[in-house]
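Observations on the three-dimensional arrangement
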Amino acid sequence: MNAQITTSRRTRRTPFSQYVEDAGVRAYTVYNRMLLPAVFRSLEEDYHHLKSAVQVWDVSCERQVRLRGPDALRMLQLLTPRDLTKISTKRCMYVPITDQNGGMLNDPVAIKISDEEVWISIADSDLLFWVQAIAGCNGFHVVVDEAEVFPLAVQGPKATELTARVFGDRIREMKFFGADRFVFADEEILITRTGYSKQGGFEIYVEGRHYAGELWHALFEAGADLDVRAGCPNLIERIEGGLLSFGNDMTFENTPLECGLGRCVNDSQLATCYGGRALAEERANGSQRMVRALTVSDKIPRCDRAWPLISNERLVGQITSAYRSPDFGVNVAIGMVDHTHWDAGTEMTVMTHAGPRAAKVQQKFWI
Ligand code: THG
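Residues numbered from 1 in each chain as written. Predicted model: local features only at pLDDT ≥ 70, side-chain atom pairs only at ≥ 80, totals over all residues. Heavy atoms only, no water.

Some words on the environment of P356
- Relative to the assigned elements, P356 resides in strand β21 (residues 355-361).
- On the basis of relative accessibility, which here comes to 52%, the residue P356 falls in the exposed class.
- The spacing of P356 and W307 is 49 residues in sequence and 9.5 Å in space, taken between C-alpha atoms.
- Apart from the residues within four sequence positions on either side, P356 is in contact with T349, V350 and M351. (Helix = DSSP H or I, 4+ residues; strand = E, 2+ residues; numbered from the N terminus. Buried < 20%, exposed > 50% of the residue type's maximum accessible area, 1.4 Å probe, protein only. Contact = heavy atoms within 4.5 Å.)

Structure follows, in structure tokens:
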């Protein structure tokens with residue numbers, strides 16, 4: 001493509017956009033109608049740095065769909081096939097949200113704020129409308145809105161050290177998907193041990209815009225000797241790690257079982273949650289297709305459309321994310337593959353928009 005995307009009021013800026021630009025952001029993408037940095041130096045340079053140091057990410061576009069009222073948790077449990085018994089103010093959960101057919105509407109992180117409040121930290125789809133409609137049409141005692149919250153992620157092998165320097169050593173005691181409150185600038189701030197990378201780290205839920213600048217600068221001052229940099233979710237690292245991207249690797253045409261999220265589909269919920277009946281049937285009969293890690297041969301163009309997977313002149317799936325991995329020396333890819341062709345080692349042809357390439361199903365993701 002030889003064109004640029006332009007910005008306007010619709011491509012919402014964040015409290016950190018100015019700092020991200022001062023740090024030299026080279027490309028943005030749009031996520032939930034908000035700016036999300038995509039590249040700083042180069043995808044490859046950002047990748048090596050993420051895997052060796054620590055980065056601060058403006059992930060304000062992870063919008064918080066907020067449910068407030070006595071029915072908030074009961075309603076959340078109807079929205080997802082995952083059993084929420086273990087959610088608490090100290091533990092958040094990854095919860096696929098399904099429609100009446102079991103199709104994926106979003107794959108957010110759900111955070112319990114109190115007995116009467118939850119935040120759904122959404123991926124890139126308009127979940128707010130679905131949740132508002134369900135609340136409004138079923139008489140739930142819940143008010144649903146988008147909170148004025150702007151998450152900032154700290155990711156990388158040195159993320160714990162940096163976050164502890166700014167928020168205190170209690171950070172080090174948090175478990176994966178733990179949640180807690182920490183003091184900064186006289187504010188109690190929610191932090192979770194989550195983030196869209198396999199390098200580990202935290203997400204800080206900045207409420208309002210007033211202390212955003214102070215926090216950004218505190219992180220960069222505290223991390224100077226750690227080579228902290230502004231960064232962003234890295235396409236290569238997240239493919240290696242098998243982190244799915246909603247709208248790319250799955251849509252409402254896929255179920256969480258097809259997405260490899262069977263661990264988030266609990267039988268106890270299937271009689272009651274939206275789409276539960278379809279999911280129970282799929283579990284009983286077996287899925288028709290599933291997400292797979294694949295490699296692709298030769299040089300490949302940017303994967304900005306689905307690439308058909310072909311075997312014996314038949315369509316057997318598609319690749320939806322792919323990029324050359326510097327560490328593994330192959331093109332790493334994520335695809336959805338029919339049951340007839342999903343076994344590890346199966347070879348087929350992928351029709352990229354620059355021509356056919358050889359594709360091979362892998363046993364697992366790389367990290
Ligand atoms: N953090 C928060 N909100 C988010 C994201 C995030 N909203 C948008 C997007 N990312 C949602 N998608 C994901 C995808 C994967 C994970 C989290 C959010 C993730 N997966 C773990 C893994 O695959 O290793 C395991 C999760 C589990 O099984 O419990 O972390 O990143 N706040």
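Comments concerning the nonpolar core
- Grouped together as the largest cluster of nonpolar side chains are 40 residues, with contacts concentrated most on L152, F167, I204, L215 and L219.
- Within the residue set of this core, elements represented by two or more residues are β2 (34-39), β3 (55-58), β11 (149-155), α5 (159-167), β12 (179-184), β13 (187-192), β14 (201-207) and α6 (212-222).
- In contact with I204, not counting residues within four places along its chain, are F150, P151, L152, V154, F167, I189, L190, I191, L215 and L219.
- Membership of the second largest hydrophobic core comes to 27 residues, among which are M104, Y205, I239 and C259. (Core = buried A, V, L, I, M, F, W, Y, C linked by side-chain atoms within 4.5 Å.)

Concerning the pairing of strand β17 (residues 307-311)
- Side-chain alternation along β17 places W307, L309 and S311 on a buried face and P308 and I310 on a face that remains uncovered.
- Pairing between β17 and strand β18 (residues 314-324): five bridges, direction antiparallel. If you follow W307 over to β18, its bridge partner there is I319.
- Between β17 and the antiparallel strand that follows it, β18, lie two residues; N312 among them carries a positive phi value of about 50 degrees.
- Where β17 and strand β20 (residues 347-352) come together, two bridges link them in antiparallel fashion. Paired with I310 across the two strands is T349, which belongs to β20. (Pairing = 2+ DSSP bridges.)

Some thoughts on unusual backbone geometry
- Despite not being glycine, N32 shows a phi value in the positive range, around 50 degrees.
- Relative to the elements of secondary structure, N32 occurs in the loop between β1 (27-31) and β2.
- By relative accessible area, N32 is classed as buried at 4%.
- Within the chain, F177 stands out as a residue other than glycine whose phi angle is a positive 70 degrees.
- Here F177 is to be found in the loop between α5 and β12.

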